Each structure stands twice: as structure tokens, then as C-alpha cells.
Amino acid sequence: MGGAPVTELVHVPLVIRAPGLEPTQISTPVSLIDVAPTILDFVGLPAPPPMRGRSLFGLARGEGAPERPVFFETASSLRRIDLRGV
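What counts, and at which threshold
- Residues numbered from 1 in each chain as written.
- Predicted model: local features only at pLDDT ≥ 70, side-chain atom pairs only at ≥ 80, totals over all residues.
- Heavy atoms only, no water.
- Helix = DSSP H or I, 4+ residues; strand = E, 2+ residues; numbered from the N terminus.
- Buried < 20%, exposed > 50% of the residue type's maximum accessible area, 1.4 Å probe, protein only.
- Contact = heavy atoms within 4.5 Å.
- Areas by Shrake-Rupley, 256 points an atom, 1.4 Å probe, with all protein chains shown as cover.
- pLDDT = per-residue confidence, 0-100.
- Patch = residues over 30% accessible without salt bridge, like charges linked within 9 Å, V, L, I, M, F, W, Y side chains within 5 Å.
- Salt bridge = Lys/Arg side-chain N within 4 Å of Asp/Glu carboxyl O.

### Things to note about the overall build of the protein chain
Part 1 of the reasoning: Counting secondary structure elements, the protein chain contains 2 helices and 2 strands.
Part 2 of the reasoning: Going residue by residue from the N terminus, the α and β elements of the protein chain occur as α-α-β-β.
Part 3 of the reasoning: When burial is assessed residue by residue, the protein chain has 14% of its 86 residues classed as buried.
Part 4 of the reasoning: For the protein chain, the proportion of contacts with a sequence separation of at least 24, taken over those separated by at least 6, is 34%.
Part 5 of the reasoning: Accessible surface, the protein chain: about 7500 Å² in total, of which carbon and sulfur atoms supply 59%.

### A closer look at the confidence of the model for the protein chain
Part 1 of the reasoning: This prediction gives the protein chain a mean pLDDT of 76; 74% of its residues lie at or above 70.
Part 2 of the reasoning: The spread of mean pLDDT over the elements of the protein chain runs between strand E2 (residues 81-85), the lowest at 69, and helix H1 (residues 35-42), the highest at 90.
Part 3 of the reasoning: This stretch, residues 1-8, has a pLDDT under 50; its non-local contacts, to residues over four places away or in other chains, come to 3 contacts.

### Considerations on a nonpolar patch on the surface
Part 1 of the reasoning: Residues Phe-42, Val-43 and Leu-45 make up a contiguous nonpolar surface patch of roughly 300 Å² in combined accessible area.
Part 2 of the reasoning: Here Val-43 is to be found in the loop between H1 and helix H2 (57-60).
Part 3 of the reasoning: Given a relative accessible area of 53%, Val-43 falls into the exposed group.

### What to know about the environment of Thr-28
Part 1 of the reasoning: Considering the arrangement of structural elements, one finds Thr-28 in the segment before H1.
Part 2 of the reasoning: Distance from Thr-28 to Ala-65, taken between C-alpha atoms, is 8.4 Å for residues 37 residues apart in sequence.
Part 3 of the reasoning: Residues within four places of Thr-28 in sequence aside, it is in contact with Arg-54 and Leu-59.

Following this line, the structure appears as C-alpha cells:
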């Protein structure tokens, strides 16, 4: 294997559109585990206790949130390399 090293970047935009929510962009990393609590919050239901994650509506309203690690995992069938990180 030769050539230049390959740099991977895991960045997937998450777009949420909801009535009463002004368009905004946040730079705080979030995770897929936040999507279900966000949907439940939107419809006025609490997230069940075993559910991890947090609603993202506070972030979208500019309220901020405590920082926490965000984990990622990728799989590449072309290079047969699995990447994991925090």
C-alpha cells in the first residue's frame, strides 16, 4: 500500500423542520440516539427511561446543552477498514 494517507471525516448534516422553529444552524455535535427523543419531545411525549439521547429542540432554540462525547463507526467495503472513534 503506497500513496498519500487517506483522511476520513464523519460529518452528516441533520435537518429538522418543525412549526414554530426558526431556521438556525448549530455546531454542537449530536448523535443518532438524539433523533427519537427529539421526535417524542416535538409531539409532547416524554422519552421512556431506558432511551438514551436528548431532545435537540433546546439546541435549536439557542438554549445550549452540556457537552458529551459523540461516538462514530464507519465501515468501508472498498478498503475493508472499519473506523471507530469519539
